[in-house]
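Spelled out from the first residue to the last, the chains are:
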Amino acid sequence: MMEPMTTYSVYKWLRKKRRKKKFDLYKQTYHMVVDPVMVFYSGLFVIFCLFIGYDWLQQLITLLDGRGTFIAPYAFFLPLLAIISASVASFTDPGLRFTSSELQLSFLPHSRKWLLTYLFLEKYIVQLLIIMVVPLPFALVLMSWESAVTWVSLLLISYPLSLWMQWKLFSMSSVYKMSVFLFSAAFSVLFFLGFPVLLLYLGLSVIVLVCFMRKEEVDWGRVIDINDARVWNMWLVGYFTEVNIKPPKRFGITKSIWKKKRGRHYSAQHLYGRIWTGYLQKSADVVWKTIPTVCLIILVIPMRVDWMLMFTLPIAIVVYHEVAGGLFSDVEGVFHSLPLEEESCKKSYLKWAYIGLLPVFISFISIQTVLGESLVAIGMQLIAIILLVYVDLARVIDERLMMVQKENFYREEWRRVAGLILLGAGVYHPLFLLGVPLVVFKIGRSTLKELIS
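Let me sum up the structure you'll find in this document. (Residues numbered from 1 in each chain as written. Predicted model: local features only at pLDDT ≥ 70, side-chain atom pairs only at ≥ 80, totals over all residues. Heavy atoms only, no water.)

**Some remarks on the overall build of the protein**
Note the threshold: Where helices and strands are cited, they refer to DSSP runs of H or I of at least four residues and of E of at least two residues respectively, numbered from the N terminus. The classification of residues rests on relative accessible area computed with a 1.4 Å probe and restricted to protein chains. Under 20% of the type maximum is buried, over 50% is exposed, and intermediate values are partly exposed. For this analysis, residues touch if any pair of their heavy atoms sits within 4.5 Å. What sets the accessible areas is the Shrake-Rupley method with a 1.4 Å probe; for residues, cover comes only from the shown protein chains.
Of regular secondary structure, the protein possesses 22 helices and 0 strands. Relative to its 453 residues, the protein shows a buried fraction of 37%. In the protein, 80% of the contacts between residues at least 6 apart in sequence involve partners at least 24 apart. Carbon and sulfur atoms provide 69% of the accessible area of the protein, an area that totals close to 27200 Å².

Here you go:
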C-alpha cells in the first residue's frame, strides 16, 4: 500500500506543473512572433549595455561612497510604510497566490493552513534573496555598517509584516482597511514631526494586535478569482496575443470600497446589523442624550479645573459603557423569536458602539490640546483609551448577554477598576498608562489558545 504524499510534496508537484505550463506558453509565443535574427542582435546590444552600465556603476559608487548617512534614520519608517502599503494593496490584492489549484488540494487531505504557510515562506524567501542581492550591497556602500544592518534588519521584518497584514485585511470590510490606513498614515506624519519612534511602534502594535484578534472568515471566492487572473496574466504572452486576463471588474479598488459584496445581505452579521440599526434609531433619544453628556463631562469640568480630567475621563467611559450595555440588554425584545447567533449579534452591535465613541475621542483630544498637553502624552493616552475601551466594552456586552441567557459567570471587576484608575492616573503622568495592558488583558493558557486559534 502506497503511503499518502505529504502536503509539501504535492505542493511542489503543483508548482512544477504550473511553471511547465507557463514555460510552454512562453515557448509557443516565442516561436509564433519572435524573429531569431532580432533576438541575436538584441542580445548583443544588451551585453554591450551591461558593459557600459558596469563602468557607470563603478563611477557612481565612488561618488556616493559614504554619502547615505542622512537616510539612515529613516530606516525606522519602514514598518510604518509596510502597514500603509498593506492597507492600500489589500483593497485589490490578497498578497498570497492561493489559486483554484491550491483550493482543490485543500479539499483533499491537505491542510489549507499548511498550503498558505508554504506560499508565505516561498514569497518571503524570494524577497529575502532580492534584499541580499540588491539593497544590502547598496546599503553597505552608501552608509556605515551599523546603519546598513539596521536598514536590512527592519526591511526583513517589515516585508513579512506587510504580507501578513495584506492577507488579513483583504477579507475584512473596507471600514477596517480604511481605518488601518488612516491610523498608519497619522503615525507616519507624527514620525516626520519628530514623535518618539517607540511610542509610534506601540501604536502600530495595537493595530496589529487588533487585526490579529479580529476573526474574519476568508473570502475564498474573491481570493481565487483575483489570484487566478494574476497568476495566468503573463505580460509577454498577453502583449503579443492581445489577450489579457484580468480580475472581474467588481474587484477593482473603487468597487471594493463602494460596492457591497455579493451575498452580504444574507450573512447573519449583516442581518443583525440591520436589526440593531433600526433598534438604535428607535432609541435615538437615549443615544443623543448619552453621547453629548459624556462629551460635556470630558470638556466642561476640566476647562474650569484641569486636574479633574483624571476623574471625568474614567467616569465618561463608565457611563458610556453602562448605557451601551443597558441598550444591549434588550436583545430578547429586539429579536423576539428569531434565532440568536451570539457572535454575529455581538459583533454587529459592537461596531455601532465603537463608532459612537468617536466624539468622545475627539473631545478628549480637544481638551488636552486646549490644556497644552504635549503630543507625546496625548498619543500615549489615546492608545491606552482605545485599548481599554476595545476590551472593556466587549467584556460588558458579553456579561449582558450571559445575564439575559441566565448563565453563570465570574465578573473580574478589579481588572476594570484597576484599568480605569491607571487611565486616570495616566492623565497626570503618562508612565501610569504602561500598566493598562497588564490589567486589561487576561493572558493565560486559555486566552493564548484562543488567540492562536
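So, next bit.
**Some thoughts on helix α9 (residues 197-213)**
Each α-helix turn comprises 3.6 residues. Residues three or four places apart therefore point the same way. The cut-off we apply is this: An expected span of 1.5 Å times one less than the residue number is assigned to each helix. Picture the helix axis, draw a direction to every C-beta atom, and the arc is the one those directions span.
With 17 residues, α9 extends 24 Å from end C-alpha to end C-alpha; this agrees with the ideal 24 Å at 1.5 Å per step. Leu199, Leu200, Gly203, Leu204, Val206, Ile207 and Cys211 are the residues of α9 that are buried. The buried residues of α9 occupy an angular sector of 145° when projected down its axis, which confines them to one face. On its buried face, α9 is in contact with α3 (78-89), α7 (145-170), α8 (174-192) and α19 (375-404).

**A closer look at the pattern of salt bridges**
When the charged atoms of two side chains lie near each other, side chains of opposite charge can form a pair. The following threshold applies: One side-chain nitrogen of Lys or Arg within 4 Å of one carboxyl oxygen of Asp or Glu is enough to make a salt bridge.
Inspection of the entire model under this criterion finds 5 salt bridges. Here Arg400 makes a salt bridge to Glu322, at a shortest N to O gap of 2.7 Å. Taken as a pair, Arg400 in helix α19 and Glu322 in helix α15 (residues 309-328) lie far apart in primary sequence, 78 residues in all. A relative accessible area of 12% places Arg400 in the buried class. A salt bridge links Glu322 to Arg416, with the nearest nitrogen and oxygen atoms 3.0 Å apart. On the criterion of sequence distance, the pair formed by Glu322 in helix α15 and Arg416 in helix α20 (residues 413-428) is long-range, its members being 94 residues apart. You can call Arg416 buried: its relative accessible area is 14%. The structure contains a network of salt bridges with shared partners spanning Glu322, Asp392, Arg400 and Arg416.

**Looking at the environment of Leu433**
Considering the arrangement of structural elements, one finds Leu433 in the loop between α20 and α21 (436-440). Between the alpha carbons of Leu433 and Leu422 there is a distance of 6.1 Å; along the sequence they are 11 residues apart. Setting aside residues up to four positions removed in sequence, Leu433 forms contacts with Met380, Gln381, Ala384, Leu422, Leu423 and Gly426.

**As for α8**
Over its 19 residues, α8 runs 27 Å from end to end, which matches the ideal 27 Å to within 8%, given 1.5 Å per residue. For α8, the set of buried residues is Ser174, Lys177, Val180, Ser184, Phe187, Ser188 and Phe191. Looking down the long axis of α8, one finds its buried residues gathered within 160° of arc, a one-sided arrangement. Turned more than 90 degrees away from the buried face of α8 sit Val175 and Leu182, all of them exposed.

**As for a nonpolar patch on the surface**
What counts here: Within the patch definition used here, like charges are joined within 9 Å and nonpolar side chains (Val, Leu, Ile, Met, Phe, Trp, Tyr) within 5 Å, considering only residues with over 30% relative accessible area and no salt bridge.
On the surface, Val126, Ile130, Met132, Val133 and Val134 cluster together to form a nonpolar patch covering roughly 420 Å² of accessible area. Turning to its location among the elements, Ile130 is positioned in helix α5 (residues 112-133). The class for Ile130 is partly exposed, based on a relative accessible area of 41%.

**What about the nonpolar core?**
This is how the line gets drawn: Side-chain atoms within 4.5 Å link the members of a nonpolar core, which is a set of buried Ala, Val, Leu, Ile, Met, Phe, Trp, Tyr and Cys residues.
Within the largest apolar cluster, 62 residues are counted, with the highest numbers of intra-cluster contacts made by Met165, Ile298, Leu313, Ile317, Tyr349 and Ile385. At 11 residues, α19 tops the list of elements feeding residues into this core. Apart from the residues lying within four places of it in its own chain, the contact partners of Met165 are Ile83, Ala86, Val180, Ile207, Val208 and Cys211.

**Notes on the side chain of His321**
In this fold, His321 is placed in helix α15. Contacts of His321, omitting those with residues within four sequence positions, involve Val389, Asp392, Leu393, Val396 and Arg416.

**Quick notes on empty space enclosed by the protein**
Formally: Every definition here rests on a 1 Å grid over the protein atoms only: cavities are sets of points where a 1.4 Å probe fits but cannot get out, pockets are open sets enclosed by protein on both sides within 12 Å along at least five of seven lines, and lining residues have some atom within 4 Å of a point. Grid points are joined across faces, edges and corners, and a volume is the space filled by probe spheres set on the points. Polar here means any residue other than Ala, Val, Leu, Ile, Met, Phe, Trp, Tyr, Cys and Pro, which are nonpolar, and Asp, Glu, Lys and Arg, which are charged; Gly is therefore polar.
Per the counting criterion, the structure on display carries 2 cavities of 30 Å³ or more. Counted as a void, the largest cavity has a volume near 50 Å³. In terms of lining residues, the largest cavity is bounded by Leu388, Val391, Asp392, Arg395, Arg415, Arg416, Gly419 and Val440. Put simply, the parts of the chain that give the lining of the largest cavity at least two residues each are α19 and α20. At 4 residues, α19 tops the list of elements feeding residues into the lining of the largest cavity. In the lining of the largest cavity, the residues fall into 3 nonpolar, 1 polar and 4 charged.

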